[in-house]
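Notes for the structure review
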Amino acid sequence: MPKRGAFIVIEGLDRSGKSTQAAALLRRLQDAQVSAKLIKFPDRTTPIGKMIDAYLRSESELDDRAIHLLFSANRWELASSIEATLRSGETIICDRYAFSGLAFSASKVRPGSQSYPLLDYDWCRTPDAGLPAPDLTLFLDVSTDAAKARGGYGEERYEREDVQRRVRDVFVRIGDQVEAGGGRWEVVDADESEEAVRDVIWDAAKDLVKGVDAPIEKLWDDKREVGNVEALYM
Ligand code: DGP
């Protein structure tokens, strides 16, 4: 059986350099004659993506649960094409994925509170369960100071220091959970120079991009965490 392509996700806070690094990894793969493509979430070009775009630019207001489900639906729109691409042997680099969905929604707090969650973490996780799972997730961890030094946050809804701090806390929790479930989650110090980060990413990805010999896993398929599955149905 020929090997399938690798599914590599790059996650991080705003201003962590994700998009730059995703593009750099794509160029490096292309130079190495590896068949690869770059995708990005949210995909603002689809009808659902246009609703998300208007929300992010504060041109529309949506219920917090409704927007969470739209972000997830935006990923489901592409799920079967992601699988087909991987099976065809092409590697996918994905700029943000379901972990952003979970981190940005589960970090929302109730009005007037600094820490009381608005949405339940497990509720936020559920809509993405069953999506193709990444073979590797690179979490670009940037400090608030370094993020600010890169030109500050822009105009979009979540680009505020307090929001980004809470989002980071949830990303750390997600990383632990991914690893507990047998997934690969690498934290990359994104305060380092662009070149240094590029090298760390290449080191983490270079074996995987030769092709993957294993089936595509499902996201949040936590069967490895459950000791006795039969006990669930008793
Ligand atoms: P970007 O296009 O990568 O700058 O992302 C746009 C913003 O949307 C960014 O602040 C992160 C946020 N975001 C990305 N994916 C999701 C998601 O699935 N759910 C939520 N609530 N926010 C997300």
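Everything quoted here is computed from the prediction, not taken from an experiment. (Residues numbered from 1 in each chain as written. Predicted model: local features only at pLDDT ≥ 70, side-chain atom pairs only at ≥ 80, totals over all residues. Heavy atoms only, no water.)

**Looking at the packing of aromatic side chains**
For the structure shown, the criterion picks out eight aromatic pairs. Ring centres 5.4 Å apart and planes at 85 degrees place the aromatic pair Phe 99 and Trp 185 in the edge-to-face group. In this pair, Phe 99 sits in helix 4 (residues 98–106) while Trp 185 sits in strand 5 (residues 185–189), placing the two residues 86 residues apart along the sequence. Here Trp 185 falls in the buried class, since its relative accessible area comes to 7%. A centroid spacing of 6.4 Å and a plane angle of 40 degrees characterise the contact between Phe 171 and Trp 185, whose relative ring orientation is tilted. Note that Phe 171 is positioned in helix 7 (residues 161–180) and Trp 185 in strand 5, a separation of 14 residues in sequence. Exposure class is identical for Phe 171 and Trp 185. Each is buried. (Phe/Tyr/Trp six-rings, centres within 6.5 Å; stacked < 30°, edge-to-face > 60°. Helix = DSSP H or I, 4+ residues; strand = E, 2+ residues; numbered from the N terminus. Buried < 20%, exposed > 50% of the residue type's maximum accessible area, 1.4 Å probe, protein only.)

**Considering the layout of surface pockets**
Empty space left among the atoms is revealed by rolling a probe the size of a water molecule over them. Within this model, the largest pocket holds a volume of roughly 460 Å³. Considering the residues around the largest pocket, the lining is formed by 27 residues, among which Asp 14, Lys 18, Lys 40, Pro 42 and Arg 96 are closest to the centre. For the lining of the largest pocket, the elements supplying multiple residues, two or more each, are helix 1 (18–31), helix 3 (64–87) and helix 4. The residue makeup of the lining of the largest pocket, split by class, is eight nonpolar, eight polar and 11 charged. (1 Å grid on protein atoms, 1.4 Å probe; cavity = no way out; pocket = protein on both sides within 12 Å on 5 of 7 lines; lining within 4 Å. Points joined across faces, edges and corners; volume = space filled by probe spheres on them. Nonpolar A, V, L, I, M, F, W, Y, C, P; charged D, E, K, R; others polar.)

**A closer look at the pattern of salt bridges**
Inspection of every chain in the model, using the stated rule, returns 24 salt bridges. The partner of Arg 57 in a salt bridge is Glu 59, with the nearest N and O atoms 2.8 Å apart. Taking relative accessible area as the criterion, Arg 57 reaches 42% and is therefore assigned partly exposed. Residue Glu 59 is classed as exposed on the basis of its relative accessible area, which comes to 54%. (Salt bridge = Lys/Arg side-chain N within 4 Å of Asp/Glu carboxyl O.)

**Some words on helix 3**
Since the α-helix packs 3.6 residues into each turn, any two residues three or four apart lie on the same face. Helix length check: helix 3 (24 residues) gives 35 Å between terminal C-alpha atoms against 34 Å at 1.5 Å per residue, within 8%. Among all positions of helix 3, only Ile 67, His 68, Leu 70, Phe 71, Ser 72, Asn 74, Arg 75, Ala 79, Ile 82, Glu 83, Thr 85 and Leu 86 are buried. Along its buried surface, helix 3 packs onto strand 1 (7–12), strand 2 (36–40), helix 2 (47–56), strand 3 (91–95), helix 4 and helix 5 (121–125). Where helix 3 starts, the residue carrying a side-chain oxygen 2.8 Å from the main-chain nitrogen of Arg 65 turns out to be Asp 63. Backbone geometry just downstream of helix 3 places Gly 89 in the positive-phi region, at approximately 100 degrees. (Expected span 1.5 Å × (residues − 1). Contact = heavy atoms within 4.5 Å. Polar contact = N/O pair within 3.5 Å; in protein donor to acceptor, adjacent residues only side chain to side chain.)

**Overview of the pairing of strand 4 (residues 136–141)**
Burial analysis of strand 4 places six of its six residues in the buried class, which makes it a mostly covered element. Burial along strand 4 is two-sided: Leu 136, Leu 138 and Leu 140 facing one way and Thr 137, Phe 139 and Asp 141 facing the other are all buried. Here five bridges tie strand 1 to strand 4, and the two strands are oriented parallel to one another. Opposite Glu 11, over in strand 4, you have Phe 139 as the bridge partner. Here strand 4 runs beside strand 5; their pairing, made up of five bridges, is parallel. Looking at strand 5, one finds that Leu 140 is bridged to Val 188. (Pairing = 2+ DSSP bridges.)

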